[in-house]
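# Tertiary structure, described
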Amino acid sequence: MSVSVALYIVPTPIGNLGDLTPRAIEVLSTVSLIACEDTRHSGKLLSHFNITTRTMALHDHNERARAQWFIDKLQAGESVALISDAGTPLISDPGYHLVSQVRAAGFQVVPLPGACAAITALSASGLPSDRFSFEGFLPAKDKARTDKLESLKEDSRTLIFYESPHRILYSLAALEQVFGAERPMVMARELTKTFETFLSGTIGEIRQQVEADPNQQKGEIVLMCHGHVCADDDAIPAKALDTLQRLCGELPLKKAAAITADIYGLKKNALYKQGLEQGW
Ligand code: SAM
């Protein structure tokens, strides 16, 4: 395979080495240079796949300055791949400045699909996946964390957070304090690894369970919270929502809400609002 001169964004496994795609192996083997978040960490992955391509560090601290160095390489006709320690680069990982500067310099950026903890967790969570918001890591400081959660409290989308073992109890306590103990959530831990676990319940239940079991405080963690549900929405039966959604396929939302309200004896405005929120 020959690769054209471009920056390739290459996701790497989040635990299971079998998740490195054949295309990723091909690109990493063929490019002139691999930009790595940590060359020693990625060296293990690369040597496992017998990839001998030269590596160069690109992390949060040198990314802005180093980007020009990689652009010079592209200008010299060398192709470059970007990887992070695990998962998709740029997703709570370095790469944003490199990609934006490379694009601004007029070079092609080619993304490869692959592992990402947020999407992997969401896909098996059982929480609504039609609309979601990836929020990365919550702030480390108590006040900033609470403020951030306050700003998300009324968001109706499923909320996805990354978390580290030493902050998990603080974050669960803050979620309970701001979102309330009753909101449904799912905690996904050690995805694709031996101890992969999904805990599902209310925020209060999960917090108690994790607090009581130190094993649940270990490893890599994704937290997902159900979005905010308005009091008005509670009153709308699933059947009525289904009718509204079907009618929206044929009619403007206003008309669909009026007909559904008529059939089920519900408030037109509540149905209209729900339709808007769902993007029907
Ligand atoms: N770029 C990565 C991605 O695409 O998912 C994320 C990198 S971020 C620095 C690391 C965080 O991702 C971890 O603290 C954890 O929240 C989440 N994560 C990564 N691997 C995971 C796994 N195997 N299981 C659960 N969460 C994981």
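In this report, we go over the structure that sits alongside the text.

The rules we used
- Residues numbered from 1 in each chain as written.
- Predicted model: local features only at pLDDT ≥ 70, side-chain atom pairs only at ≥ 80, totals over all residues.
- Heavy atoms only, no water.
- Helix = DSSP H or I, 4+ residues; strand = E, 2+ residues; numbered from the N terminus.
- Axes fitted to C-alpha atoms, helices over the stretch in contact; angles between N-to-C directions.
- Parallel < 35°, antiparallel > 145°, perpendicular 65-115°, else oblique.
- Left-handed = near helix turned anticlockwise from the far one by under 90°.
- Contact = heavy atoms within 4.5 Å.
- Nonpolar A, V, L, I, M, F, W, Y, C, P; charged D, E, K, R; others polar.
- Buried < 20%, exposed > 50% of the residue type's maximum accessible area, 1.4 Å probe, protein only.
- Arc of directions from axis to C-beta.
- Near = heavy atom within 4 Å.
- Polar contact = N/O pair within 3.5 Å; in protein donor to acceptor, adjacent residues only side chain to side chain.
- Areas by Shrake-Rupley, 256 points an atom, 1.4 Å probe, with all protein chains shown as cover.
- Domains from an automatic or database assignment.
- Pairing = 2+ DSSP bridges.

### Overview of unusual backbone geometry
Notably, Asn50 is not glycine yet its phi reads approximately 55 degrees, a positive angle. Inspection of the secondary structure assignment puts Asn50 in the loop between helix H2 (39-48) and strand E3 (54-57). Although it is not a glycine, Ser92 adopts a positive phi angle of roughly 55 degrees. With respect to the helices, strands and loops of the structure, Ser92 is situated in the loop between strand E4 (80-83) and helix H4 (96-104).

### Quick word on the packing of helix H7 (residues 168-179) against helix H8 (residues 203-212)
Across the interface, H7 lies against H8 with an axial gap of 9 Å and an inter-helix angle of 160 degrees. Relative to H8, the element H7 is oriented roughly antiparallel. Note on packing geometry: the crossing formed by H7 with H8 is left-handed. On H8, the residues that touch Ile168, Leu169, Leu172, Ala173, Leu175, Glu176 and Phe179 of H7 are Ile203, Gly204, Ile206, Arg207, Val210 and Glu211. Partitioned by chemical class, the residues of the contact of H7 with H8 number nine nonpolar, one polar and three charged.

### Here we look at helix H12 (residues 268-278)
The set of residues buried in H12 consists of Ala270, Leu271, Gln274 and Gly275. Angularly, the buried residues of H12 cover 135 degrees about the axis, an arc narrow enough to put them on a single face. Counted as exposed and oriented over 90 degrees from the buried face of H12: Asn269 and Leu276. Backbone geometry just after H12 places Gly279 at a positive phi near 70 degrees.

### Points about the site of the ligand
In the region of the ligand, 18 residues are neighbours, and Thr88, Asp93, Ala117, Tyr162 and Ile221 sit closest. With respect to the ligand, the backbone of Ala86 contributes an N or O atom lying 3.2 Å from a nitrogen atom. Within the side chain of Tyr162, an N or O atom sits 2.6 Å from an oxygen atom of the ligand. In isolation the ligand exposes 570 Å². Once the protein is present, 91% of that is buried. Mapped onto the shell around the ligand, the elements with two or more residues apiece are strand E7 (158-163) and strand E10 (221-225). Residue-level mapping places the shell around the ligand at the junction of two domains, with at least three residues from each of domain 1 (6-115) and domain 2 (118-225).

### Notes on the sheet that holds E4
As summarised here, the arrangement of the five strands in space is E3-E2-E4-E1-E5, forming an open sheet in which the pairing is parallel. At either end of the open sheet lies a strand with only one pairing partner, and these are E3 and strand E5 (109-111). Between one strand and the next, the sheet's axes are offset by a mean angle of 25 degrees, whatever the strand orientation. Pairing analysis gives four bridges linking strand E2 (residues 33-36) to E4, with the strands arranged parallel. Residue pairing across strands places Ile34 opposite Ala81, the latter belonging to E4. Strand contacts of H4: strand E1 (7-9), E4 and E5, with the helix running at about 145 degrees to E1, the strand carrying the most contacts.

Just geometry here; none of it tells us what the structure is for.
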